[in-house]
Amino acid sequence: GLVWLDAIKYTPGLSFNFDLGVFDMNYVRFSGVGTWAIDDSQPANDDGLAAHSPKFLLPGEHSVMSITYDVPQPGGKITFGFVLGMGTFSFYIDGEKFKDSNTPSTKATTFSYSLTPGEHKFDWKYDAPSIPNLPLSMVWVDNIQIMPLLI
């Protein structure tokens, strides 16, 4: 038999699991102090590589990893995991804070949020703790997925 398909539309999403060990500079930007890195230093039990904020930031310093992406109609969803050592982690969408944590953890926390269509800027911000040179003074971010809604 024959199968006819008509009006198929494929809308790709955006996915970063960092296991290739490089940032896709078509999407990722850095601001604040230092540049984020990718390695296997994440204290969680997850396998593979993760992106993390710069080491050895001083009190009052911060670093931001940003991604800008045009979410197609009818909208989408962002999901990622993070592990916070010492300091403060904040996540922003278009300048509005959606997640804020200063509680250290040894396992990944998953964040998920629905997105409206259009261009959005996503910021993962790390603020150094008030005491310098504490061990694990970083945030690790992994498995970022920005996916369109299925219709």
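Residues numbered from 1 in each chain as written. Predicted model: local features only at pLDDT ≥ 70, side-chain atom pairs only at ≥ 80, totals over all residues. Heavy atoms only, no water.

Trainee: Honestly, the overall build of the protein chain in this entry has me stumped. Any pointers?
Mentor: Helices and strands together make up the secondary structure of the protein chain, namely 0 helices and 11 strands. Along the protein chain, helices (α) and strands (β) appear in the sequence β-β-β-β-β-β-β-β-β-β-β when read from the amino end. C-alpha extents for the protein chain along the principal axes are approximately 70 × 30 × 25 Å. For the protein chain, with 151 residues in total, the buried portion stands at 39%. Considering only intrachain contacts with a sequence separation of at least 6, the fraction spanning at least 24 residues in the protein chain is 76%. Within the structure as shown, the protein chain displays about 8700 Å² of accessible surface, and the carbon and sulfur contribution to it stands at 53%. Within the protein chain, the 16 negative side-chain charges are centred at a point lying 5 Å from the centre of the 9 positive side-chain charges. (Helix = DSSP H or I, 4+ residues; strand = E, 2+ residues; numbered from the N terminus. Buried < 20%, exposed > 50% of the residue type's maximum accessible area, 1.4 Å probe, protein only. Contact = heavy atoms within 4.5 Å. Areas by Shrake-Rupley, 256 points an atom, 1.4 Å probe, with all protein chains shown as cover. Lys, Arg positive; Asp, Glu negative; His and termini not counted. Charge placed at Lys NZ, Arg CZ, Asp CG, Glu CD.)

Trainee: What is the right way to read a negative patch on the surface from this model?
Mentor: Taken together, the side chains of D70, D94, E96 and E119 define an acidic patch exposed on the protein surface. In this structure, D70 sits in strand β5 (residues 62-71). (Patch = residues over 30% accessible without salt bridge, like charges linked within 9 Å, V, L, I, M, F, W, Y side chains within 5 Å. Salt bridge = Lys/Arg side-chain N within 4 Å of Asp/Glu carboxyl O.)

Trainee: How should the sheet that holds strand β2 (residues 28-32) be read in this particular structure?
Mentor: Strand pairing in a sheet is mediated by backbone hydrogen bonds. Such pairs are either parallel or antiparallel. Reading across from one edge, β2-β5-β10-β7-β8 is the order of the 5 strands in this open sheet, with antiparallel pairing throughout. Every other strand in the sheet has two partners, leaving β2 and β8 (96-101) as the edge strands with one partner each. Within the sheet, the average angular offset between the axes of one strand and its neighbour, ignoring direction, is 20°. Sheet topology note: the β5/strand β10 (residues 118-127) ladder contains 10 bridges and is antiparallel. Paired with S63 across the two strands is Y126, which belongs to β10. (Pairing = 2+ DSSP bridges. Axes fitted to C-alpha atoms, helices over the stretch in contact; angles between N-to-C directions.)

Trainee: Sorry, what's going on with the pattern of salt bridges here?
Mentor: In a structure, side chains of opposite charge can pair up when their charged atoms sit close to one another. This model, assessed by the stated rule, comprises 3 salt bridges. The salt bridge partner of D123 is K121, with a shortest N-O separation of 3.7 Å. When its relative accessible area of 39% is taken as the criterion, K121 is described as partly exposed.

Trainee: Before we go on, may I ask you to explain the side chain of S66 in this structure?
Mentor: Mapped onto the fold, S66 is located in strand β5. Among the polar contacts listed, one links the side chain of S66 to the side chain of D123, at a separation of 2.4 Å. Setting aside anything within four residues of it in sequence, one finds S66 in contact with Y27, V28, R29, K121, F122 and D123. (Polar contact = N/O pair within 3.5 Å; in protein donor to acceptor, adjacent residues only side chain to side chain.)

Trainee: What exactly am I supposed to notice about the confidence of the model for the protein chain here?
Mentor: Detailed reading of the predicted coordinates is not advisable wherever pLDDT is low. Residue-level pLDDT values for the protein chain average 91, and 93% of them are 70 or greater. Mean pLDDT across the elements of the protein chain bottoms out in strand β1 (residues 14-16) (91) and peaks in strand β7 (residues 88-93) (98). (pLDDT = per-residue confidence, 0-100.)

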